[in-house]
Amino acid sequence: MPNIILVGTQWGDEGKGKIIDMITQDVDYVVRFQGGNNAGHTVVVDGRQFILHLVPSGILHEDKICVIGNGVVVDPEVLIEEIKSLKKKGIKVDTNLLISDQAHIIFPYHKMMDKLREAQKGKGKIGTTGRGIGPCYTDKASRCGIRLADLFNDSVFHDKLKENIDEKNTIFCKVYGCDGFSFDEVYKQYKKYRQYLKKHICNCSQVLNDAIAIGKSILFEGAQGTFLDIDHGTYPFVTSSNSTAGGAVIGTGVGPKRIDKVIGVAKAYTTRVGEGPFPTEFSSVMMEKIRTKGKEFGATTGRPRRCGWFDAVLVKHSVRLNSIDEIVITKLDVLDECKKIKICVGYRIGKRLIRYFPSDIGSLWRCKPVYEELPGWYQDTTRITKYENLPQKALKYLNRISELIGAGISIVSVGSDRKQAFKV
Ligand code: GDP
Ligand code: IMO
Ligand code: MG
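Just so it is clear, the structure is predicted and the values come from calculations on it, not from any experiment. (Residues numbered from 1 in each chain as written. Chains lettered and ligands numbered in written order. Predicted model: local features only at pLDDT ≥ 70, side-chain atom pairs only at ≥ 80, totals over all residues. Heavy atoms only, no water.)

### Quick word on the coordination of the magnesium ion (ligand 3)
As a reminder, the rule being used: Sites may look incomplete because water is not among the atoms; the donors themselves are N, O and S atoms within 2.8 Å of the metal, or within 3.2 Å for Na, K and Ca. Each helix is a run of H or I in the DSSP string that is no shorter than four residues. Each strand is a run of E no shorter than two, and both are numbered from the N terminus. Relative accessibility under 20% of the residue-type maximum defines a buried residue, over 50% an exposed one, and the middle range a partly exposed one, all with a 1.4 Å probe and only protein chains included.
Distances from the magnesium ion (ligand 3) to its protein donors, namely Asp13 (OD) and Gly40 (O), fall within the range 2.0 to 2.2 Å. Separated by 27 residues along the polypeptide, Asp13 in the loop between strand 1 (4–8) and helix 1 (16–24) and Gly40 in the loop between strand 2 (29–32) and strand 3 (41–45) bring together distant segments of the chain. With relative accessibility at 12%, the residue Gly40 sits in the buried group.

### What to know about the environment of Thr42
The cut-off we apply is this: Any two residues having at least one pair of non-hydrogen atoms within 4.5 Å are treated as being in contact.
Mapped onto the fold, Thr42 is located in strand 3. Take Thr42: its relative accessible area is 27%, and that puts it in the partly exposed class. Placed 58 residues apart in sequence, Thr42 and Ser100 show a C-alpha to C-alpha distance of 23 Å. Residues within four places of Thr42 in sequence aside, it is in contact with Gly17, Lys18, Gln49, Phe50, Ile51 and Ala299.

### Thoughts on helix 7 (residues 183–197)
Our working rule: To estimate how far a helix should reach, multiply one less than its number of residues by 1.5 Å. Read the arc as the range of directions from the helix axis to the C-beta atoms.
Over its 15 residues, helix 7 runs 21 Å from end to end, which matches the ideal 21 Å to within 8%, given 1.5 Å per residue. Taken together, the buried positions of helix 7 are Phe183, Val186, Tyr187, Tyr190, Tyr193 and Leu197. In a view along the axis of helix 7, the buried residues occupy a sector of 115 degrees, so they form one face of it. Those residues of helix 7 that are exposed and angled more than 90 degrees off the buried face are Asp184, Glu185, Lys188, Lys192 and Gln195.

This is the structure:
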C-alpha cells in the first residue's frame, strides 16, 4: 500500500479535509505534520459538517489511526475541546488518536505575542489567525520551546515554563507596555492537561516506521498551502512552517525513501485569507459572486476569503516544488454559473512577460495576470457522479488546466459532501 503526502497547492483551504477523508478509506494511518489550529479542514458527511483544526481529517473513520506529528504545534486547550466536541457528535477519539511527544506546545503568551505583533505592524500586518502559531515556532527555532514530553516531566516543565514566562513578561512590559502572565496560573492550568493527553502521547517516528515495516500505509495530511510555506511561499505573507511535501518527512520522522506518491489539491479557482500578493484576485463584482457561491469564509476565523481566477503559473510551480504526481480539483461546481472562465497563464511585470512564479515579493506585487479565456459550461454539475458525464466545456477546462500545470487530474470534486467527488 502506498504512503501518500497530500498538500494544498495554493494558499490553503483547497478542500484538503474533504479529500483526506475520501482517501482515508485506502490507508491505515493519517498524520498531520505541520501547522496547528490555524488550519480548518471541513468534512461533510450526509449533511453533517465537521471542521477539524488539530485532529487529522481521517478521524471520522474509526478503524484508522490518526497521528499529530512532531512538526505540529499543539494548543492543548483547543485540542481537548476538539476531542470533546467530536466525542459529543459520536465520533470515536480514544487510542485511535496519537500525538508526538516532540510536538511543541502553544501557551497563552504565544497567542498574545501573535496579536501584539500584528497590531504593531498596522497596515503591514500578515493577517495571521492569531492562534500563536508564529511565536510558538519562533520559540522552537530559538530552542526555548516546550514540547509535550516536557509537560510530563515536572521539574523540567516547571523550570522551562518559568524561564519563558519571565522572559516574555519582560517583553510584554517593556516593549508593548502591557501586563504579562502569572506563572502559577499557567503552570496549574497546563498541568491539568496531562490527564487528558496522557493516553494519546507517542513516539511518532517509531509508531509510523513500525507500521510501515509491517506493510501499513500512511496518508500525510498537509495543512495550509504551498504558497503559505515559510521557505517557498509569498514570504513574509506566509505561515511559520513548511507546508510543502518536504515538511511531511521532517514533521513525522519518516524518511523520504518511504514516500510513494504526492497528491496536490487545487481549487478550480483561487482563494487566499490574510494579506499578501494575489495576482489573479477578482474585482468586486466577481469577488462577491464567487465568495457567495463558494461560501468562501474562513473555517477557522470566519474571515471572508479573497477570491480570484485559477492561476496555472502558481499551481505549475507547486507541482514542481512538491513533486506532485496527481492533482485533485475541488469546487468545480462553484464555476457552474460563469459564462466565461479565465486561467492565468503568465504575468506581466511592466513590459516584461514572464511564465514563472517570481520568488521576490517586490516582483510579485507588480505581477499583472495574462489570461486565457474559455467558455463556461453554464450547467449544474453538483449531481454528476462520473468524470465522463461532466459537460464538454468543463472537461475542456480541466484538460487545459492539467496541460498547463503539467500534472494529471485524479479526482474532481463538485460539492462539499463526501459523496460529491469522483475519480478520473
Ligand atoms: P481545507 O482547509 O483545505 O480542508 O479546506 P476548507 O475546509 O477550509 O475549505 C474548503 C471548503 O469548501 C469547505 O467548506 C468544504 O466543505 C467546501 N468544499 C470542499 N470541496 C467542495 C466542492 O467540490 N464544492 C463545494 N461547493 N464546496 C466544497
Ligand atoms: P488550512 O489548513 C488558509 C494564513 C493566515 C495568514 C497566514 C499566517 O485550513 O488550509 P498564521 O496564523 O499561520 O501565522 O497566519 O497564513 N493561514 C491560512 N490560510 N488556510 C489555512 O489553513 C491557513 N493557516 C494559516 O490567514 O495569512
Ligand atoms: Mg481550511
